[in-house]
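Below, each chain spelled out in residue letters.
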Amino acid sequence: MNIKYDLGIVGGGPAGYTAALHARKRGLRVVLFEKEQLGGVCLNKGCIPTKTILRSAELYEQLLSSENIGLSFSDAKVDFTKVIERKNQVTSKLRKGLELTLKNSGTIIINAEAKVLDKNTISANGETYTFEKIIVATGSEPATFKGMDFDHKNILCSDDVLELTGLPKSIVIVGSGAIGIEWARIFSAFQVDVTIIELAENLLPVADIEVSKRIERNFKTKKINIYKSVAVESIDYNGICNVHLNNGETIQAEKVLVAVGRKVPEYKKFDDVTYIGDICKEIQLAHFASKQAIEVIDGIKFDKSLVPSVVYGEPEIAWVGKREQDLEPESYKKSMLLVSALGKSHCDNSTDGFIKVLSKDNKIIGAHIVSKEASALIQQVLIAMQNNITADKLKEVCFAHPTYSEGIFEALFGL
Ligand SMILES: Cc1cc2nc3c(=O)[nH]c(=O)nc-3n(C[C@H](O)[C@H](O)[C@H](O)COP(=O)(O)OP(=O)(O)OC[C@H]3O[C@@H](n4cnc5c(N)ncnc54)[C@H](O)[C@@H]3O)c2cc1C
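Each chain has its residues counted from 1, following the order in which its sequence is written. Local features are withheld for residues below a pLDDT of 70 in this predicted model, meaning they are given only at 70 or higher, and side-chain atom pairs are given and counted only at 80 or more; totals for whole chains, interfaces and linings count all residues.

(A) Here's a closer look at the environment of Ser405. Among the secondary structure elements, Ser405 is positioned in helix α11 (residues 405-412). Whether a residue is buried, exposed or partly exposed is read from the other C-beta atoms within 10 Å of its own C-beta, which are placed from the backbone; 20 or more gives buried, 12 or fewer gives exposed, and intermediate counts give partly exposed. Here Ser405 falls in the partly exposed class, since 19 other C-beta atoms lie within 10 Å of it. A sequence separation of 254 residues divides Ser405 from Asp151, and the C-alpha atoms of the two residues are 45 Å apart. For the purpose of contact definition, each residue receives a C-beta atom placed from its backbone, and two residues are in contact when these atoms lie within 7 Å. Residues contacting Ser405, with those up to four places away along its chain left out, are Leu377, Gln380, Phe399 and Ala400. The numbering of helices and of strands both runs from the N terminus, where a helix is a DSSP run of H or I of at least 4 residues and a strand a run of E of at least 2.

(B) Representation of the sheet that holds strand β8 (residues 155-156) within the structure. A pair of strands is labelled paired if DSSP reports no fewer than 2 bridges between them. Spatially, the five strands line up as an open sheet ordered β8-β15-β9-β10-β11, and their pairing is parallel. Whereas interior strands pair on both sides, the edge strands pair on one side only; in this sheet they are β8 and β11 (225-227). Sheet contacts for helix α5 (residues 178-189): β9 (170-174), β10 (193-197) and β15 (255-258); angle to β10, the most-contacted strand, approximately 165°. Angles here are taken between N-to-C directions and fall from 0 to 180 degrees, while the axes themselves are lines fitted to C-alpha atoms, restricted in helices to the stretch in contact.

(C) Just the nonpolar core, in detail. Linking buried Ala, Val, Leu, Ile, Met, Phe, Trp, Tyr and Cys residues through C-beta atoms within 7 Å yields a set, and such a set is a nonpolar core. With 69 residues, the main nonpolar core has Ile173, Val256, Ile378 and Val381 as its most contacted residues. When residues in this core are grouped by element, the largest group, eight residues, is from α5. Domain assignment of the residues forming this core places at least three in each of domain 2 (142-261) and domain 3 (315-412). What Ile173 contacts, discounting residues up to four positions off in sequence, is Gly180, Trp183, Ala184, Val194, Ile196, Leu257 and Ala259. Counting residues in hydrophobic clusters, the runner-up holds 37 residues, among them Leu102, Ala114, Ala286 and Phe288. Each domain's extent was defined by an automatic or database domain assignment.

(D) Looking closely at unusual backbone geometry. Across the junction of Glu314 and Pro315, the peptide omega takes the value -5°, indicating a cis bond. Cis geometry is adopted by the peptide bond preceding Pro402, which originates at His401 and carries an omega value of -10°. Its place among the elements puts Pro402 in the loop between α10 (391-394) and α11. For Gln191, which is not glycine, the phi torsion reads 70° and is therefore positive. Tracing the chain through its elements places Gln191 in the loop between α5 and β10. The residue Asn349 is not glycine, and still its phi comes out positive at about 55°. With respect to the element layout, Asn349 can be found in the loop between α8 (343-347) and β21 (354-360).

(E) Just the site of the ligand, in detail. Every one of the 33 residues lining the ligand counts as a neighbour, but Gly11, Gly13, Gly40, Gly139 and Gly277 are closest to it. Under the scheme applied here, ten amino acids are nonpolar (Ala, Val, Leu, Ile, Met, Phe, Trp, Tyr, Cys and Pro), four are charged (Asp, Glu, Lys and Arg), and all others, including Gly, are polar. Taken together, the residues of the shell around the ligand break down into 13 nonpolar, 14 polar and six charged. Each residue gets a C-beta atom placed from its backbone. If that atom is within 6 Å of a molecule or strand, the residue is near it.

(F) Examining helix α4 (residues 80-105) more closely. With 26 residues, α4 extends 37 Å from end C-alpha to end C-alpha; this agrees with the ideal 38 Å at 1.5 Å per step. In the segment just after α4, Gly106 is the residue with positive phi, at about 95°. Here, expected helix span is obtained from the residue count minus one, scaled by 1.5 Å.

(G) Up close: the environment of Val41. Following the sequence through the fold, Val41 ends up in helix α2 (residues 40-44). Judged by the 26 C-beta atoms lying within 10 Å of it, Val41 falls in the buried class. In the structure, Val41 is positioned 28 residues away from Gly13 in sequence and 6.5 Å away in space, judged by C-alpha atoms. Excluding residues that lie within four positions of it along the chain, Val41 makes contacts with Gly13, Gly46 and Gly139.

(H) Layout of helix α3 (residues 47-64). Between the first and last C-alpha of α3 there are 26 Å, a value that for 18 residues agrees with the 26 Å anticipated at 1.5 Å per step. All of the buried residues in α3 are Pro49, Thr50, Ile53, Ser56 and Ala57. All buried residues of α3 fall inside an arc of 125° around its axis, so they share one side. Here the arc refers to the set of directions running from the helix axis out to each C-beta atom.

Geometry only, nothing functional implied.
Below, the structure written as structure tokens:
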């Protein structure tokens, strides 16, 4: 007997599993198809594993430089096998938790590659399933350019780098988007010789210009080699990786990480089927994917111009709203507070960075933060922006001391 379900979802990443859980809360009969692992890229190959490895890297770096805060760990060592083991434990634990949550919710999970046949039919495992409605959330995969093919051993994509069995002595990172910046930060903290190659004029070109410049300054103090406005023509391997640049130079390194963005595999698009998450190529972030899912299932709309970006550099980088380079000169007000003005930053020995707020007619239109805890700070400004809380109104809030949040309060007085 062919049962007709309410909702079929292809892809068990943040977009797909969020849609499934919210649909179950509404009592819909849901089938979720996942061909690899529940949690998608975010849990298995993206957000979670990278931040788990980052934790080991940043702690190691801090230990090596802790003499100036009265501690001595000069013989601190990295056991990279254990670092990767912990990453695997964290992802496995979260995956099991997600699987249980989905099962407990009553979602039917089919572990198979699924194909949408029409707006009501999906085939998987040689069977056909019929639905009232279908959502496709099949995500994205690492992109590359001609001449930069991954060999998955030495010329790596962001999936391969998570499976390294040891730290290389040197690495070239092609691309300085969020993924490139995070891995530069991780490898540099593990004392690997890092070179970044960026086609654009600035690192992290999607960020506000002052954020890009601050990252560059910071990376230079970490002795990360930076090439900007340079294209990679090809990469080859002959016992060592050779990265050939369009300025005639060749850079050699033990490994290369190609981090030049994400692509969406070709697929047939159907009218009346809903597509959410990375597959839309709109904003390829996990929180955007899950918000889209909630919008589709619960009808809770969100402002797509107010999606925060966080990049886990050292210190953290976060922003929302307008960038300075997008605004007409004289059309806005700007205030920039140096993190070194905050007592807490000295307590933490983490004085690098700034909190920049942009406003127009008292309305906050953008915030750009390079600071310890930037990932949490950005939400405070975002909540104000989303709710039309003006800069003057936000000044009425009592911010605790000593915190980094005080920096937001102080920055408002400069507008
Ligand atoms: C290294 C890295 C770090 C990242 N860090 C962050 C971060 O810190 N913060 C952030 O917000 N975002 C981050 N991202 C991006 C984030 O992972 C994605 O935006 C998010 O995973 C997209 O969710 P999704 O549900 O659209 O797709 P995905 O997570 O890609 O999930 C899609 C799922 O669909 C499955 N699938 C595909 N085709 C089929 C089929 N035919 N049948 C059945 N199943 C199928 C796939 O196996 C996959 O599990 C990072 C990405 C990478 C690569």
